[in-house]
Amino acid sequence: MDLQSLAVILQGALSPNPTERKAAEESLSQFQYAPQHLVRLLQIIVEGNCDMAVRQVASISFKNFISKNWCTDDPGEPSNILPEDKEVVRQNILNFVTQVPPLLRVQLGECLKTMIQEDYPEQWPALLSWVKHNLQGQQVFGALFVLRILSRKYEFKSDDERLPVHYIVEETFPLLLNIFTRLIQIPNPSVEVADLIKLICKIFWSSIYLELPKQLFDPNIFNAWMILFLSVLERPVPLEGQPADPELRKLWGWWKVKKWIVHILNRLYTRFGDPKLQNPASKAFAQNFQKNYAGKILECHLNLLNVIRIGGYLPDRVINLILQYLSNSISKSAMYHQLQSKIDIVLFEIIFPLMCFNDNDQVLWDDDPHEYVRKGYDIIEDLYSPRTAAMDFVSELVRKRGKDNLQKFLLFIVEVFKRYDDAPSEYKPYRQKDGALLAIGTLCDKLKQTEPYKSELENMLVNHVFPEFSSPVGHLRAKAAWVAGQYAHINFSDSNNFRKALHNVVAGMRDPELPVRVDSVFALRSFVEACSDLREIRPILPQLLDDFFRLMDEVENEDLVFTLETIVDKFGEEMVPYALGLCQNLAAAFWKCMNTAEADEEGADPGALAAVGCLRAISTILESINRVPHLFVHIEPTMLPIMLRMLTTDGQEVFEEVLEIVSYMTFYLPTISLEMWSLWPLMMEALADWAIDFFPNILVPLDNYISRSTEHFLTCKEPDYQQSLWNMISTVMGDKNLEDGDIEPAPKLIQVLLQNCRGRVDHWVEPYLRITVGRLRRTEKPYLKCLLMEVVADALYYNAPLTLGILQRLNVATELFNLWFQMLQQTKKSGARANFKREHDKKVCCLGLTSLLPLPADQLPVEALDRIFKSTLDLLVAYKDQLAEAAKEEEEDENDDGMENFESDGDENDDDSDKEMGFEAEDGDEAESIKLEKLAARAKAFRNSDLDDDTDDDFSEDDEELQSPIDDVDPFVFFVDTVKVLRASDPLRFEKLTQTLDLHYRALADGVAQHAEHRRVEIEKEKTAKAAEAAAAATS
């Protein structure tokens, strides 16, 4: 296709007529792989006589095609672009970068990024030569533009991947230094000069981000760069051409230069300028930096801050970065000494005013309260916010240099409070009071730990915070709620003060101003956590939930949902009457958040995070009502549309949360409905396509389907769930590209099948054993080896004669049993077992080995019987010891929990807010939760203690929590009963076996027999107790 024809088609793509536009798009799609198509698109982009709109369409088409086709996923796969077309593009695009307008340059820049990422240096060795040549010629801007993209390729690379950077720096930095020097000598420089300096700064930034290039270790070279940076930093920006609009002004070239230089200096200071953090090779550089530059930079920064002190302008990001530098200087003696002489000016005339409510806040509060709320709770905004940086400075100052500064700063705050109280209402310094309250909230952790302030906190709240709940000024009502939330966990000597604060916060949820309502909800979370007497909240709970959902309808924020989760968690089963309504409201909020997130193409909308929060809150509710299974039937219709949609690729961002809900529903529903079964194929499709990382999460609902709806699983043929399970497991276990850790849930699912479908899936035993043995032979990870061997054990327990016959027919029986016994005997350096470490592992092995004992001699020779008998005895003893240890630990935990019940929020030695409030004896759920947390911590500590022996053998303690039919099988009783069968069926064989046992194993056998009889008695007692419990429940 010639240029003219291509231009006509591109023009058609702009047509307002949908038919013409579609025809043009189809033509572009049809010809996109034609030879020279890409070259002709590039020609149109740079054709000055062509219509600008057509050139723009061409640039977008060019960028999209390169993005999709320049790189190939598979190195052996042929490229969609001819090598000669690629070469023409490479030879011409560099020169065209400077010829096109900025609008088109952006698109070409994206193309260059893709091409450089793929081609440099191997396929594009001439690129750096072109850059060098043009840095010394007339195309300096183009060369800097390309070098910036090239340097960015290596910005986050380390070690060997970073090697090309050294050569790039060696070849270009001397040229950049010369250009930079010439640029700052230009009198009355234009904004175009700023653009060039900005590009040089960005190149420098990318080159030093992770590691300093060796050239900069030369003091003379580094000094030359620092002279230039400090010179530009000290120099006032030109007044001429500076935009009046604040939004445009911060984007102006000269302010951007300031920002990048401050950014670079901060990076040098924090990453490379501290001798304590450097290795010996870099220590000299750090010492030189501290001695010759750190103080000069600090002085420059203080001068810049002085501009805002006298009412001048600095962009927010520059202020934020400068304050970060100051915060990092506090802990360094020499730097703090330099700062100390000006600390009062910094603290009271710069930092505190930044903490106060200002004109911009007021405009946003009045004109766009939703944006005010978003900015206030957006962690990305915090990266740019001067106020957040000011708060961080104050926190760091009182933490590291509190002796010098805490008292005088608090006296200053008290003076602000006093001036506010003394002033008549029309002259009250409302904004300064707002800043003072922010300061008090910021210092919360320090003040709660430090006398004499700690004992005065309640008075401070009563006198200076609580009155603002009824302030005529909205932002003070909001700040009062926030500060009250910060201090909700302190020990209130007068419980009425806690109650008053709580009710004021609740009332704030109905405030006419949106930001007040939002801050009140967040504060409520702290009060709910701190509330030891739920009677304070119980009467207002329905109204509270109504207010909460009304607010959720206005604002999409995940922190809002955290408050609801806290309420549900705190009230536990008391939430049952509200559960259905809560789930319906949260489901509606979820759909709204998802729709907002999908509409936001940039993906920056908080709706996506809020959607995740909604699903987490639903899971919390489902957990709280687990003892009321009939409620799940009513909740299912609300949850089903979410599960159906979000188990597809549409739900990748919330897949884990949705799977948790599916797990709850399939476990607690009295009967798994056909509608719930329709989720099975979706999970299987996701697993086959993209969701292998979520296999452990998918395992749980699949287990529930098989174990709780076994009949449907076995009898349904449309779809055939047995075949579906086999297809998935055989694919996963046969995939040589999957790591051992990726497939661990697969053998667990085979165990679920064999344990739950005993006697009903004989035809599947051989196929599953085949793939198990195949994977076992190439498995390296010990834990997966154990799981695969447990599949064999489960198959033996399922049907020992059938399984042994299959293994012998496959000629793997001897190989497998030798490996099994070897794994059973293997120990770590500490003497502990290296394999089958969990109680469940030992039990499965015991049941599998025991199932072999009654087999006749033609299937199980006497020497094999002897080995199996002894191994089973050893395992049973180890299993018994492990159960006893676990019971001992649980008893210790209960004792610990009992002691914790006596703790109160007034514990003088405990400043951790999560531990300040004790819980009442009737709050069993909370006690259970704390116990589980401790068990998890112990499990983690246990795993860490084994790292010296077995770093690759991490397993999930959660597996012990999965329910199984073998839970009701006592391995001791099963062993003794099986031995009795052996003795009765073949007395001679049994006698030969016992005669070969030495004293040690005879003693073990006697001990196991005695323990089995003890367990029989215990089991009968447990059955009687359960029956009595059930009868009592039925009559109550």
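Residues numbered from 1 in each chain as written. Predicted model: local features only at pLDDT ≥ 70, side-chain atom pairs only at ≥ 80, totals over all residues. Heavy atoms only, no water.

Enquirer: What am I meant to see in the confidence of the model for the protein here?
Expert: In regions of low pLDDT, the predicted coordinates are not meant to be interpreted in detail. Of all residues in the protein, 92% have pLDDT values of 70 or greater, and the mean over the chain is 89. Element-level pLDDT for the protein is lowest in helix α46 (residues 913-916), with a mean of 32, against a maximum mean of 98 in helix α34 (residues 674-677). (pLDDT = per-residue confidence, 0-100. Helix = DSSP H or I, 4+ residues; strand = E, 2+ residues; numbered from the N terminus.)

Enquirer: I would appreciate a short explanation of the packing of aromatic side chains in the present structure.
Expert: Two descriptors summarise a pair of aromatic rings, namely the distance from one centre to the other and the angle between the planes of the rings. Under the defined criterion, the tally for this structure stands at 54 aromatic pairs. Summarising the aromatic geometry, the rings of F173 and W225 are spaced 5.2 Å apart at their centres and angled 50° between planes, so their arrangement reads as tilted. On the criterion of sequence distance, the pair formed by F173 in helix α9 (residues 163-184) and W225 in helix α11 (residues 219-234) is long-range, its members being 52 residues apart. With respect to class, F173 is no different from W225; both count as buried. Cluster of aromatic residues (ring-pair linked, three or more members): F217, F222, Y269, F285, F289, Y293 and Y325. A cation sits over an aromatic face here: R267 above Y209, 3.9 Å from the ring centre. (Phe/Tyr/Trp six-rings, centres within 6.5 Å; stacked < 30°, edge-to-face > 60°. Buried < 20%, exposed > 50% of the residue type's maximum accessible area, 1.4 Å probe, protein only. Lys NZ or Arg CZ within 6 Å of the ring centre and 35° of its normal.)

Enquirer: Even after reading the chapter, I still don't get the pattern of salt bridges, so can you show me in this structure?
Expert: Working definition: two side chains of opposite charge can pair if their charged atoms are close together. On inspection of all chains with the given rule, the structure shows 45 salt bridges. Linking R90 and E87 is a salt bridge whose minimum nitrogen-to-oxygen distance equals 3.2 Å. One end of the pair is R90 and the other is E87, both in helix α5 (residues 83-96) and three residues apart, which spans about a single turn. Under the relative-accessibility criterion, R90 is labelled buried at 9%. Its relative accessible area of 34% is what places E87 among the partly exposed residues. Between E1013 and R1016 there is a salt bridge, with its nearest N and O atoms 3.2 Å apart. Residue E1013 and its partner R1016 are both found in helix α50 (residues 999-1035); the two are separated by three residues, about one turn of the helix. One network of salt bridges, in which partners are shared, links E371, R374, D378 and E381. (Salt bridge = Lys/Arg side-chain N within 4 Å of Asp/Glu carboxyl O.)

Enquirer: Would you take a moment to explain helix α27 (residues 514-530) for this structure?
Expert: Since the α-helix advances by 3.6 residues per turn, residues separated by three or four positions end up pointing in the same direction. Helix length check: α27, at 17 residues, gives a terminal C-alpha distance of 25 Å against a target of 24 Å (1.5 Å per residue), a fit within 8%. Here α27 lies mainly inside the structure; 15 of its 17 residues are buried. (Expected span 1.5 Å × (residues − 1).)

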